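Each chain, letter by letter, is given below.
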Amino acid sequence: MHANGRLQDRLVSGFAYAFITLFALLCLYPLLLTLSVSFSSEQAIARSGYSIFPQDFSLDTYRYIFVNSGDRIARSYVVTIVVTIAGTLGALLLTSMVAYAISIKKLRYRNVIAFICNFTIIFSAGLIPWYIVSVNYYGLKNSMLALIVPSIFNVWNMFLLRTYFAHISPSLYEAAEVDGANHFTIYWRIALPLSKTALLTVGLMYALQYWNDWWHALIFINDRDLFPLQYFLYNILSNVNAISSGRIPSGASGSITLPAETVKMAVTIITIGPILFLYPFVQKYFVKGIMTGAVKE
Amino acid sequence: MIAAREMPETKKSRQGALHELKRHKILYLMCIPGLIILIMFCYVPFAGIWMAFTDFNVVDGIFGSKFVGLDNFKYFFTSSMGWKVTYNTLVINFFGIVLGIIFPITIAILLNEIRGKAFKKLTQSMMFFPYFISWVVVGAIIYGIFSTDVGVANGILAWFGIEPIRWYSEPKYWKEIIILANVWKWSGYNSIIYLAAMSNFDGSLYEAAKVDGANRLQQIMRLTVPMLKPTVIVLTLLSVGRIFYGDFGMIYGIVGNNPVLIDEVTVIDTYVYQSMRTLGFSYSTAIGLFQSVMGLILITLANSVAKKVNDGEGLF
């Protein structure tokens, strides 16, 4: 019985290692594939298809993109960076102020405010009324604000922050109140500094949301100069033909094959860019956020 | 339902309310910017719902256009497209929910069985990666796998001596592809939720089970799985409450506006967007309203079920 049990334990553990290894590889495999294709030569890809190892390693694709649409990518990068930074900072400010206010138990109407927030989760007017109001009354068509403002207040993130604020001992606030500090001062000088990790967590969540957003661009933006990175990539992917018929770089002969396959993958890598380098270091904050959100107060 | 629980004790005098607002003026002022955003983008659009009952034209405006009653809804339910997009939404979400429970739980349980800390850390961050990329990037990846001439899938088929498949002109594969892509993207993320729940389990139960001679598999089946039940129920109810909502980004990011594939996988959300351009604002508002109302009903039901099984604790 005991020996049998131990054998079973070893089987379970062996299965666990095998399954987890396999799925973990499956999760990273597409990234490696994309990277390898972007560093391959177009001819090699056409000859033998996508592969996890670069074939005829070359930087031609990146050079091609840089020469042909370097300006455009640079502009999209600027749009995305501006939107991400402004959006994240603004969202953190708006969200944390409401979260702080309704974390104060003395505030009589905090439940009314919580309800106003909650209701937006359970019922909405739908895309069209939202779109018409945004375009006709708020003038968000082809405005960079359209990429920032509509998603600047996330109700889930607000409740997440409230959970953090609610854990701060009220005695810390009371001492400040006795000294005559008002609630904004307490929020700014005590609550925020005490919640650095929480703010970093929620801030990173907002930053990822802004960085990866292309839906608002699809809806609101026609002006190519305002395309964020992800929407730039979306356009390339959905206009595969357009890029293959694009201009041939000056000085190159007509016989050159346009690096369509490798271009798609290289642009993909360019748009993931910072995430690729940052995600190993920041993921622990996301884990923290998910865990806090999962375990309700 | 939430109203009853969350509204403060009423019937305080009007002066009391004013007094309260004055006393905590700064706290209420701090809520204003956030609430303005909600009012602008969630509450003001409610007025536009009226369009669903009119034949909207720009000249007459929302409230001047001709009232047509439920005609827009009738058109939606009598057209073949109405049922099709509802069906697509429910099917894609249903399998997304089922696989989105089974797979992440399996991952969480198995991760818990692994003793090597470094291995655990490394694999966990690898599995978390898909959460960080946008659906457009997922679309690019899927293209890399399923493109006809150079894709990985056809490479594998060729290796087995099977004729290549023109995936991008064969709609019948794409519901499955989208469901699997969704599971792939969210499994690492969702497994963290279950790991969080498991870290709160009482360790002494496992000690007692070990003393009684239970092996790992028995501990998993008799202790871990039953104790995960409340978490599973809450998460399932939350997703069932949202089963009428499709993921616009997922569908458009993966199939883009490929005319051959879109019909097979179009969901209510993408259909609203498409019909906005072709069939007019009133019709697409009506579809959106149908979706919102179904969502409201389901989330309310889910919330009351959650309260029953969770000792009065609702979903939000």
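So, how was this worked out
- Residues numbered from 1 in each chain as written.
- Chains lettered and ligands numbered in written order.
- Predicted model: local features only at pLDDT ≥ 70, side-chain atom pairs only at ≥ 80, totals over all residues.
- Helix = DSSP H or I, 4+ residues; strand = E, 2+ residues; numbered from the N terminus.
- Contact = placed C-beta atoms within 7 Å.
- Rg over C-alpha atoms; globule rule 2.2 N^0.38 Å.
- Buried ≥ 20, exposed ≤ 12 C-beta atoms within 10 Å, placed from the backbone.
- Expected span 1.5 Å × (residues − 1).
- Core = buried A, V, L, I, M, F, W, Y, C linked by C-beta atoms within 7 Å.
- pLDDT = per-residue confidence, 0-100.
- Axes fitted to C-alpha atoms, helices over the stretch in contact; angles between N-to-C directions.
- Left-handed = near helix turned anticlockwise from the far one by under 90°.
- Nonpolar A, V, L, I, M, F, W, Y, C, P; charged D, E, K, R; others polar.
- Parallel < 35°, antiparallel > 145°, perpendicular 65-115°, else oblique.

## Some remarks on the overall build of chain A
- Each helix and strand in chain A was counted, giving 14 helices and zero strands.
- Across chain A, helices and strands are ordered from the amino to the carboxyl terminus as α-α-α-α-α-α-α-α-α-α-α-α-α-α.
- Across chain A, the fraction of contacts at a sequence separation of at least 24, relative to all contacts at a separation of at least 6, is 71%.

## Digging into the overall build of chain B
- Within chain B, the secondary structure is distributed over 16 helices and two strands.
- For a compact globule of 316 residues, the expected C-alpha radius of gyration is about 20 Å, and chain B comes in at 25 Å, more than 25% above that figure.
- Viewed in the frame of its principal axes, chain B has a C-alpha envelope of about 70 × 65 × 35 Å.
- Relative to its 316 residues, chain B shows a buried fraction of 39%.
- Of all intrachain contacts in chain B linking residues separated by at least 6 positions in sequence, the fraction that spans at least 24 positions is 67%.

## Quick notes on helix α10 (residues 196-212) of chain A
- The end-to-end C-alpha distance of α10(A) is 24 Å, a good match for the 24 Å that 17 residues give at a rise of 1.5 Å each.
- When we look at burial in α10(A), the residues that qualify are Ala198(A), Thr201(A), Val202(A), Met205(A), Tyr206(A), Ala207(A), Leu208(A), Tyr210(A), Trp211(A) and Asn212(A).

## A few points about the nonpolar core
- Within the largest apolar cluster, 151 residues are counted, with the highest numbers of intra-cluster contacts made by Val98(A), Ala101(A), Leu233(A), Ile178(B) and Ile254(B).
- It is helix α3 (residues 60-103) of chain A that provides the largest number of residues to this core, a total of twelve residues.
- What Val98(A) contacts, discounting residues up to four positions off in sequence, is Ile113(A), Met158(A), Met30(B), Cys31(B) and Gly34(B).

## A short note on the confidence of the model for chain A
All names here are of chain A.
- Within chain A, residue pLDDT values average 85, and 90% of them lie at 70 or more.
- For chain A, the element scoring lowest by mean pLDDT is helix α13 (residues 240-244), at 41; helix α6 (residues 145-148) scores highest, at 96.
- Long-range and interchain partners of residues 241-259, a stretch whose pLDDT sits below 50, account for 17 contacts in this model, where long-range means more than four residues apart.

## A word on the confidence of the model for chain B
Residues and elements named next belong to chain B.
- Summary statistics for chain B give a mean pLDDT of 87 and a share of 95% for residues scoring 70 or more.
- Contacts from residues 1-7, a stretch scored under 50 in pLDDT, to residues over four places away or in other chains number twelve contacts.
- Both scores are available for the predicted complex, with the pTM at 0.88 and the ipTM at 0.87.

## Observations concerning the packing of helix α6 (residues 80-113) of chain B against helix α12 (residues 216-241) of chain B
Residue and element names in this part refer to chain B.
- Two elements in contact, α6 and α12, have axes separated by 10 Å at closest approach and are oriented at 145 degrees. At the point where α6 passes α12, the crossing takes the right-handed sense. Residues Ile97, Ile101, Ile105, Ile109 and Glu113 of α6 pack against Arg216, Ile220, Thr224, Leu228, Val232, Thr236, Ser239 and Val240 of α12.
- The residue inventory of the contact of α6 with α12, partitioned by class, reads eight nonpolar, three polar and two charged.

## Considerations on the environment of Gly16(B)
- Among the secondary structure elements, Gly16(B) is positioned in helix α2 (residues 14-23).
- Note: C-alpha distance between Gly16(B) and Ile233(B) (217 residues apart in sequence) is 42 Å.

## A look at the interface of chain B and chain A
- Of the residues lining the interface, 78 residues belong to chain B; the matching set on chain A comes to 86 residues.
- Considering every element that reaches the side of chain B that touches chain A, the biggest residue donor is helix α3 (residues 25-43) of chain B, with twelve residues.
- Looking at the side of chain B that touches chain A residue by residue, the class counts come to 53 nonpolar, 21 polar and four charged.

## Quick notes on the packing of helix α5 (residues 127-137) of chain A against helix α16 (residues 281-309) of chain B
- For the pair α5(A) and α16(B), interaxial distance at closest approach is 7 Å and the crossing angle is 125 degrees. Classed by the angle they form, the pair α5(A) and α16(B) counts as oblique. Contacts between α5(A) and α16(B) pair Leu127(A), Ile128(A), Pro129(A) and Ile132(A) from the former with Phe281(B), Ser284(B), Thr285(B) and Gly288(B) from the latter.
- Grouping the amino acids of the contact of α5(A) with α16(B) by side-chain chemistry returns five nonpolar, three polar and no charged.

## Here we look at the environment of Ala74(A)
- Locating Ala74(A) in the fold gives a position in helix α3.
- Separated by 155 residues in sequence, Ala74(A) and Leu229(A) place their C-alpha atoms 9.1 Å apart.

## A look at helix α7 (residues 117-128) of chain B
- Across its twelve residues, α7(B) extends 16 Å between first and last C-alpha, which sits within 8% of the 16 Å expected from 1.5 Å per residue.
- For α7(B), the complete set of buried residues consists of Thr123(B), Gln124(B), Met126(B), Met127(B) and Phe128(B).

## Things to note about the environment of Ala86(A)
Residue and element names in this part refer to chain A.
- Counting through the fold element by element, Ala86 comes out in helix α3.
- Overall, Ala86 belongs to the partly exposed group, with 17 C-beta atoms counted inside 10 Å.
- Expressed as a C-alpha distance, the spacing of Ala86 and Phe66, which sit 20 residues apart in the sequence, is 27 Å.

## Here's the deal with unusual backbone geometry
- The phi dihedral of Asp56(A) falls on the positive side, at around 45 degrees, and the residue is not glycine.
- Note that Asp56(A) resides in the loop between α2 (42-48) and α3.

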